[in-house]
Amino acid sequence: DEFAVLLPNVVEAQAQLDLVAIASAERLASAEGIARSRETLAELVALTAKHKEGYAVMVTRSTAALLAASEALPAGRREEYQDNLRRSCERGLALQGRFYAARQRWLDAVATLLDCAEQHADVIWREGDALVCDADEVLAVLQAALRAMDEASAEETLVMQQRQADIVAALQRMAGP
């Protein structure tokens, strides 16, 4: 299945992007570093779009296959199965929607961070591993963008943990008592 190949490639490609460096003092304190971070951001935007496309294909195909398979069940069992499938799909889609919303907030925060660093390069410099800013209003924008990135990342992590818990619970239900 093309999605089985697509998802690992997207996850692997994202891991190669070194997203931690995107907001590093080294990158934010120079035009070259900001340009590199913008390239990384563009790659992540493309990967996210690719993931959304693959996720839509996977959900559509797997749901159609499960619904088709449920037709072989006796009427009462089929309705129960389809109702459970509907609830499971709704929860999965809601969680994935939360993930994509958090991802978009992260992308937007990075863009704000990079724009601010670029527009105010005259008051930003690097001292060792620290980024120093000589303007309180610019510092406030940089700090707000970094907070937004952290909050969005935390939401992505929470969603992933919830999805993992859902998978464990489903496997435990299938295993029975």
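Residues numbered from 1 in each chain as written. Predicted model: local features only at pLDDT ≥ 70, side-chain atom pairs only at ≥ 80, totals over all residues. Heavy atoms only, no water.

J.: Would you mind going over the packing of aromatic side chains in detail, with residue names and values included?
T.: All chains considered together, the criterion is met by two aromatic pairs. For the pair Tyr55 and Tyr100, a centre-to-centre distance of 6.4 Å together with 80° between the ring planes defines the contact as edge-to-face. Of this pair, Tyr55 sits in helix α3 (residues 31-70) while Tyr100 is found in helix α4 (residues 75-119), placing the two residues 45 residues apart along the sequence. Summarising the burial analysis for this pair, Tyr55 and Tyr100 share the class buried. Ring geometry for Phe99 and Tyr100: centres 5.8 Å apart, planes at 70°, overall edge-to-face. A relative accessible area of 13% places Tyr100 in the buried class. We note Lys52 situated over the ring of Tyr100; from NZ or CZ to the ring centre the distance is 5.3 Å. (Phe/Tyr/Trp six-rings, centres within 6.5 Å; stacked < 30°, edge-to-face > 60°. Helix = DSSP H or I, 4+ residues; strand = E, 2+ residues; numbered from the N terminus. Buried < 20%, exposed > 50% of the residue type's maximum accessible area, 1.4 Å probe, protein only. Lys NZ or Arg CZ within 6 Å of the ring centre and 35° of its normal.)

J.: Explain the packing of α3 against α4 to me, and be specific about the residues and the numbers.
T.: Helix-helix packing is characterised by the crossing angle of the two axes and by the distance between the axes. Packing of α3 against α4 brings their axes to within 11 Å, and their N-to-C directions diverge by 175°. Judged on the interaxial angle alone, α4 and α3 are roughly antiparallel. For the contact of α3 with α4, a count of residues per class yields 19 nonpolar, eight polar and six charged. (Axes fitted to C-alpha atoms, helices over the stretch in contact; angles between N-to-C directions. Parallel < 35°, antiparallel > 145°, perpendicular 65-115°, else oblique. Nonpolar A, V, L, I, M, F, W, Y, C, P; charged D, E, K, R; others polar.)

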